[in-house]
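# Tertiary structure, described
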Amino acid sequence: MADERSVEQKAIDAWLPVTSSRNAKWWYSTFHNVTAMVGAGVLSLPYAMSELGWGPGVTVLVISWIITLYTLWQMVEMHEMVPGKRFDRYHELGQHAFGEKLGLWIVVPQQLIVEVGVDIVYMVTGGKSLQKIYDLVCKGDCLKMKLKHFIMTFASVHFVLVHLPNLDSISGVSLAAAVMSLSYSIIAWVASAKKGVQPDVDYGYKAKTDLGVVFNFFSGLGEVAFAYAGHNVVLEIQATIPSTPEKPSKGPMWRGVVVAYIVVAVCYFPVALVGYWVFGNSVQDNVLISLEKPTWLILLANLFVVIHVIGSYQIYAMPVFDMVETLLVKKLRFRPTWYLRFITRTTYVGLTMVIAIAIPFFGGLLGFFGGFAFAPTTYFLPCVMWLVLYKPRRFSVSWFINWADGRSEEQRKIDEWLPITSSRNAKWWYSAFHNITAMVGAGVLGLPYAMAELGWGPGVAVLFVSWVITLYTLWQMVEMHEMVPGKRFDRYHELGQHVFGKKLGLCIIVPQQLVVEVGLDIVYMVTGGKSFQKIHDLVCNDNCVEIKLTYYIMIFASVHFVLSHLPNFNAISGVSLIAAIMSLSYCTIAWAASIDKGVQPGVDYGYKAENTGEAIFNFFGGLGEVAFAYAGHNVVLEIQATIPSTPEKPSKGPMWKGVLVAYIVVALCYFPVAIIGYYTFGNSVSDNILISLNKPTWLIVLANAFVVIHIIGSYQLYAIPVFDMVETYLVKNLRLKPTWYLRFFTRNLYVAFTMIVGIIFPFFGGLLGFFGGFAFAPTTYFLPCIMWLSIYKPKKWGLSWTTNWICIILGVMLTVLAPIGGLRTIIVQAKSYKFFS
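Here the residue numbering is sequential within each chain, running from 1 through the sequence in written order. Local features in a predicted model are, by the rule used here, given only for residues with pLDDT of at least 70; side-chain atom pairs are given and counted only at 80 or more, and totals for whole chains, interfaces and linings are based on all residues. The side-chain numbers reported here are obtained from all heavy atoms of the structure, hydrogens and water having been left aside.

Let's shift gears to the overall build of the protein chain. In this description a helix means any DSSP run of H or I spanning at least four residues, a strand means any run of E spanning at least two, and both kinds are numbered starting from the N terminus. Counting secondary structure elements, the protein chain contains 33 helices and zero strands. Throughout, exposure labels follow a simple rule: accessible area from a 1.4 Å probe, protein chains only, divided by the maximum for the residue type, with under 20% read as buried, over 50% as exposed, and the rest as partly exposed. When burial is assessed residue by residue, the protein chain has 55% of its 837 residues classed as buried. Long-range contacts, defined here as pairs at least 24 residues apart, represent 85% of the contacts in the protein chain between residues at least 6 apart. Accessible areas in this description were obtained via Shrake-Rupley with a 1.4 Å probe; residue shielding takes into account the shown protein chains only. As displayed, the protein chain offers around 35,300 Å² of accessible surface, 68% of which is attributable to carbon and sulfur atoms. Whether two residues touch is decided by their heavy atoms; if any such pair falls within 4.5 Å, the residues are in contact.

So this is what it looks like as structure tokens:
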């Protein structure tokens, strides 16, 4: 195939790091892959074994080695799957598989998380290893130096090395790094073997509770996944090998990969198995820390670590430089000059250094956030692309299809059967109580606790600003429901598809919507069970047999095994109306009973945290609890779909009337409960205001009964869109017949699933406060604004444009900060919980 690039494009490609050199030999692939793969993560494998145990640990190590070798082979094969073209970058292969836009969205964020995150970790690791060498040499006789100075020393090397133009030019550094990785791995397991099995070694799980064992097990899986990150640079490495139709690059590349993986096995398995065999579950998260003697050998091992992570940093930095420089010279039209490269690369090193100094525990954060990127890019994203590219008929990226105006009779019957589109007879007041039921969930009872975490000024401000922003974004969604004449966006993801494209719209909207809807239904399972339990305990006064929470959740679920078979929103309108009344009732009880109780003696409105760090975590947690209280946007288009519409009388009129009434009720519920509850109890308030209110008993029993009735309706309201998604997929994609028994099976299965998860994780609200932060804030606070800007394109710096950007900025901040507070909630609740208690 002829090279159709212009002279300018050829010059740019010859300048960019990944495509500037094609002269690498097969053994370059070997040591580049060894350097990329055998990172400092190998030293934590004995610790991962202590969390997994002998059987699961060995199994996970072996299976991970096999799977990742297989997926590496797939990527090597796909590098030149199109004759005459090479996919020199991971995202280029992703774009070919998933489309120009969607491919970028799927691959680039994950690849950047891995590459930038690993470089920050290597900054910290390099600094700590230099500090360890310094301490071993000095033996306490030298001036004590802080870790940040060692990180800066380590970074100084990279301020020079980053200006080597491409992967070939760092081949010497990479070779030295590969040799060092093999060296310190051998030192680690040989020194462990020489030390011998320690007295009283214990191979049992060190966690005291079942929950601790489970969490540790998951952590061990993450540490193993962290050790297999080389896939993120493999296409970029292969791009440096020359290729012709007679001798494609996949031959020498694969030979290098096989040798590299033999080295990986020689490093990983002895270190993991011998380290765990010697120290058992007392091993440190870096096996070199457990090995304190002989001093000279440990000093040498740490020196080898420093040299290795210098090379590894460069290997992972090069694709980042390529992305940044491609953007600058191809998109922003900068000239490809030495000083452009000098500024960008120096800035990158400075950024990773500053983050490493500010967050020297970044490895722990990466172990969590990186889990969303390490496993996909290494374990299964290559498999997905392989299926898409080589078996297109058996793989569908899109779960749902858009409906054209000219539907066939069969399609019309299916739409009349599906929950969202089966009925268009709702009145405006249906919108009012559906929105009240969706919005005023059990989260309102946690608002006084959120106030205690936020404080008076910020708390009132956050409540008020959230009310205003979410009302505004609801108005936008109501307006956009019929923005295309003759068409209605009956589902959130349909609007997303119109704005972002069919595939990308699904990928952006559906996962977030499912996190909210399924997550809330699980929380409601737990909340319903706990409210039943509270009623039982208050009525019995310790005179009844103690019943586990599990059984109350099962009782609550039994209601939904019946109600879930009501076909659509209009069919549950009576349930939703009662639920809306109940929400107003128990909110009124909550704030009225607080007034009756009066301000408590010694009430304290200061932050209850013992230090600044804890106060910050609490503040972020409070933001998440407020965001949790505003989740109704996830079903608003589905509610509007039930209202009849004509060109003369579009549905947005009655829908907006209902939304306004609902938001007045929201204000009547949220503000009195939050402010009076906090005013009465101060920072001693419980995370459910009804727990702080124990008397009068009959009133609290009544309030809990109202909570149960309300969340029965709320559960159904959030379940209907999930049923619609599942049933749409089954009847439109898998071509199953739309029958009553299909619906009976799928809906019962859903209720059972939420029940079982609620039983196993009765602290799921804490998990949702974390994971839901990624979905609640986007779908509620700023995603409608992004779609509005994309569709209507208001005048830059005008009122609409400015308002939307303010909402987007505040929403993004909430999305980032709320999960951090939720993380602390998970830890606190997990520590205090035992399974089936």
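One way to put it is that helix α8 (residues 171-195) packs onto helix α11 (residues 250-279) with a least axis distance of 9 Å and a crossing angle of 25°. Classified by the interaxial angle, the pair formed by α8 and α11 is roughly parallel. Considering how the two elements wind past one another, α8 and α11 form a crossing that is left-handed. Counted together, Ser-181, Leu-182, Ser-185, Ala-188, Trp-189, Ser-192, Ala-193 and Lys-195 of α8 and Val-263, Val-266, Cys-267, Pro-270, Val-271, Val-274, Gly-275, Val-278 and Phe-279 of α11 form the full contact between these two elements. Counted by class, the contact of α8 with α11 contains 12 nonpolar, four polar and one charged residues. Convention adopted: a line fitted to C-alpha atoms gives each axis, helices being fitted over their contacting stretch, and angles between N-to-C directions are expressed from 0 to 180 degrees. For classification purposes, an angle smaller than 35 degrees is called roughly parallel, one larger than 145 roughly antiparallel, one from 65 to 115 roughly perpendicular, and anything else oblique. Helix crossings get a hand from a simple test, with the near helix turned counterclockwise from the far one by less than a right angle marking a left-handed crossing and a clockwise turn marking a right-handed one. Residues are grouped as follows: Ala, Val, Leu, Ile, Met, Phe, Trp, Tyr, Cys and Pro are nonpolar; Asp, Glu, Lys and Arg are charged; every other residue, Gly included, is polar.

In the sections that follow, a salt bridge refers to a side-chain nitrogen of Lys or Arg positioned within 4 Å of a carboxyl oxygen of Asp or Glu. Applying the stated criterion across every chain, the model contains seven salt bridges. The salt bridge partner of Glu-77 is Lys-250, with a shortest N-O separation of 3.4 Å. Residue Glu-77 is located in helix α4 (residues 54-78), and its partner Lys-250 is located in helix α11; the two are separated by 173 residues in the primary sequence. The class for Glu-77 is partly exposed, based on a relative accessible area of 22%. Glu-325 serves as the salt-bridge partner of Arg-341, at 3.1 Å between the closest nitrogen and oxygen. Taken together, the residues Arg-341 in helix α14 (residues 338-358) and Glu-325 in helix α13 (residues 295-331) connect sequence positions 16 residues apart. The same class applies to Arg-341 and to Glu-325, which are both buried.

Quick look at the packing of helix α22 (residues 502-540) against helix α30 (residues 740-760) now. Between α22 and α30, the shortest axis-to-axis distance is 8 Å and the interhelical angle comes to 60°. With respect to α30, the element α22 is oriented oblique. Between α22 and α30 lies a crossing whose hand is right-handed. Each of Glu-517, Val-518, Asp-521, Ile-522, Met-525 and Val-526 in α22 lies in contact with α30, whose residues at this interface are Tyr-750, Val-751, Phe-753, Thr-754, Met-755, Val-757 and Gly-758. The residue makeup of the contact of α22 with α30, split by class, is nine nonpolar, two polar and two charged.

Bringing the packing of aromatic side chains into the picture now. Paired rings are identified among Phe, Tyr and Trp, the last through its six-membered ring, by centres lying within 6.5 Å, and are further divided according to the angle between planes into stacked (under 30 degrees), edge-to-face (over 60) and tilted (the rest). The final tally for this structure, using the stated rule, is 21 aromatic pairs. Between Trp-788 and Tyr-792 the ring centres are 4.3 Å apart and the planes differ by 40°, which places this aromatic pair in the tilted class. Taken together, the residues span about one helical turn, with Trp-788 and Tyr-792 both in helix α32 (residues 773-792) at a distance of four residues. In this structure Trp-788 comes out as buried when scored by relative accessible area, which is 9%. With relative accessibility at 38%, the residue Tyr-792 sits in the partly exposed group. Members of the aromatic cluster, joined through ring pairs, are Tyr-472, Trp-475, Trp-788 and Tyr-792.

Turning our eyes to something else, we now look at the nonpolar core. In this description, a nonpolar core means a group of buried Ala, Val, Leu, Ile, Met, Phe, Trp, Tyr and Cys residues linked to one another through side-chain atoms lying within 4.5 Å. Core analysis: the largest hydrophobic core is formed by 213 residues, its most contacted members being Met-123, Tyr-268, Val-444, Tyr-630 and Tyr-670. Sort the elements by how many residues they give to this core and α11 lands first, with 16 residues.

Quick look at the environment of Leu-112 now. Looking at the secondary structure, you find Leu-112 in helix α6 (residues 100-138). A residue is classified by how much of its surface remains accessible, and Leu-112, at 30% relative accessible area, is partly exposed. The contacts of Leu-112, once residues within four sequence positions are left out, are Gly-117, Val-320 and Met-323.

This part takes up unusual backbone geometry. In this structure, Lys-793 takes a positive phi of about 45° despite not being glycine. Mapped onto the elements, Lys-793 comes out in the loop between α32 and α33 (799-832). We note that Trp-797 has phi near 70°; this positive angle belongs to a residue other than glycine. Mapping Trp-797 onto the fold places it in the loop between α32 and α33. Given the relative accessible area of 64%, Trp-797 is considered exposed.

Function cannot be read off these values alone, since they describe shape.
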